[in-house]
Amino acid sequence: MTAVHPDRPSVRRPVPPAVFAGVAAVGLAVSAWGARDRTTWFLETFWVLLGLPLVVLLWRRFPLTGLLCGLLTAHALVLAVGGHYTYAQVPAGDWVRDTFHLARNPYDRFGHLMQGFVPAILVRELLTRTSPLRGSRWLAPLTVCACLAFSACFELLEWAAAVIGGHGADAFLATQGDVWDTQWDMFCALIGAVLSLLLLTRTHDRSLTALRTRVMRRGEGT
């Protein structure tokens, strides 16, 4: 039986970070196998290819909360699926389109919703831990603005890909003939960021507190 120090509140054992990293890495590898278009796969999963090694390298200096790790892993899998099939041809999206008689495969919309939902917690965590905005009323609106700015930058990257690649970039753009696709993408990211803050702020605060407690205990043990 493990003794519990009376002055220290018990903290639920978190999921090991290696589990999240392993799930993301396996998902990435599986998505690469037999991908419909190698260039599209690379463009869609670029952020995972960049972010996963970065998180691993910086982990000892800057560990992330369990909530953020879980969200980043989920987002990595969403990107991996989109990269494997291309967003316009994801089977689950085709099923939703046919079942609800939609005009297009909605997986791209879901991907851009996640583009706001997950980065909102990432931005909130970075600002809370590295800036004076912790506890500020400006934290939420600035987080949303940052997510919308990232979405706009991503749309500029898509525009550059279209200019450089021409019709070869159609699979990456996944516009599916919608002239308002860019605006819809940014709007979905905006909705995702707002929903994320409304639904997860309290959970994220608890996760941040748990992380600080673990870091303090680790420091006391050294």
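Description of the structure in this document. Source: prediction; values computed, not measured.

What counts and what doesn't
Residues numbered from 1 in each chain as written. Predicted model: local features only at pLDDT ≥ 70, side-chain atom pairs only at ≥ 80, totals over all residues. Heavy atoms only, no water. Helix = DSSP H or I, 4+ residues; strand = E, 2+ residues; numbered from the N terminus. Buried < 20%, exposed > 50% of the residue type's maximum accessible area, 1.4 Å probe, protein only. Contact = heavy atoms within 4.5 Å. Disulfide = S-S within 2.5 Å. Phe/Tyr/Trp six-rings, centres within 6.5 Å; stacked < 30°, edge-to-face > 60°. Expected span 1.5 Å × (residues − 1). Arc of directions from axis to C-beta. Axes fitted to C-alpha atoms, helices over the stretch in contact; angles between N-to-C directions. Parallel < 35°, antiparallel > 145°, perpendicular 65-115°, else oblique. Left-handed = near helix turned anticlockwise from the far one by under 90°. Nonpolar A, V, L, I, M, F, W, Y, C, P; charged D, E, K, R; others polar. Polar contact = N/O pair within 3.5 Å; in protein donor to acceptor, adjacent residues only side chain to side chain.

**A word on the overall build of the chain**
Of regular secondary structure, the chain possesses eight helices and zero strands. The burial tally for the chain puts 36% of its 222 residues in the buried class. A sequence separation of at least 24 residues applies to 75% of the contacts in the chain between residues at least 6 apart.

**Remarks on the state of the cysteines**
Using the criterion set out here, one finds zero disulfides in the structure. Its sulfur unpaired, cysteine 147 is 9.3 Å from the next cysteine sulfur, which belongs to cysteine 145.

**Let's talk about the packing of aromatic side chains**
Note on aromatic pairs: each is described by the distance of the centres and the angle between the planes. Within this structure, the stated rule accounts for six aromatic pairs. With 5.9 Å between their ring centres and 70° between their planes, phenylalanine 42 and phenylalanine 46 make a pair best called edge-to-face. Taken together, the positions of phenylalanine 42 and phenylalanine 46, both in helix α2 (residues 38-58) and four residues apart, correspond to about one turn of that helix. A relative accessible area of 42% places phenylalanine 42 in the partly exposed class. A ring pair is formed by tyrosine 87 and tyrosine 107, whose centres lie 5.4 Å apart and whose planes are at 40°; its orientation type is tilted. Placement of the pair is tyrosine 87 in the loop between α3 (66-85) and α4 (91-99) and tyrosine 107 in helix α5 (residues 107-130), with a sequence separation of 20 residues.

**Structural notes on helix α1 (residues 17-32)**
Residues spaced three or four apart along an α-helix point in a common direction, a consequence of the helix completing one turn every 3.6 residues. Spanning 16 residues, α1 covers 23 Å between terminal C-alpha atoms, matching the ideal 22 Å at 1.5 Å per step. For α1, the full list of buried residues reads Phe20, Ala24, Gly27, Leu28, Ser31 and Ala32. Relative to the axis of α1, the buried residues are bounded by an arc of 135° and lie together on one face. For α1, the exposed residues set more than 90 degrees away from the buried face come down to Ala18, Val26 and Val30. On its buried face, α1 sits against α2 and α3. Phi turns positive, to about 70°, at glycine 34, one or two residues after α1.

**Examining the packing of α1 against α2**
Packed helix pairs are specified by the crossing angle of their axes together with the interaxial distance, meaning the distance between the axes. Taken N-terminus to C-terminus, the directions of α1 and α2 make an angle of 165°; their axes are 11 Å apart at the nearest point. Classed by the angle they form, the pair α1 and α2 counts as roughly antiparallel. Where α1 crosses over α2, the two elements pack in a sense that is left-handed. Within the contact between the two elements, α1 uses Ala21, Ala24, Ala25, Leu28, Ser31 and Ala32 and α2 uses Arg38, Trp41, Thr45, Val48, Leu49 and Leu52. For the contact of α1 with α2, the class distribution of residues is nine nonpolar, two polar and one charged.

**Here we look at the side chain of serine 31**
Mapped onto the elements of the fold, serine 31 is located in helix α1. With near-sequence residues (within four places) excluded, serine 31 lies in contact with Trp41, Ala80 and His84.

**Quick word on unusual backbone geometry**
Phi is positive for threonine 86, close to 75°, though the residue is something other than glycine. With respect to the secondary-structure elements, threonine 86 resides in the loop between α3 and α4. For histidine 101, which is not glycine, the phi dihedral falls at a positive 55°. Looking at where histidine 101 falls in the secondary structure, it is placed in the loop between α4 and α5.

**Things to note about the environment of asparagine 105**
Tracing the chain through its elements places asparagine 105 in the loop between α4 and α5. It is 7.9 Å that separates the C-alpha atoms of asparagine 105 and tyrosine 87, two residues lying 18 residues apart in sequence. A polar side-chain atom of asparagine 105 sits 3.3 Å from the main-chain carbonyl oxygen of alanine 88. A polar contact of 2.8 Å, which involves the side chain of asparagine 105, links it to the side chain of aspartate 94.

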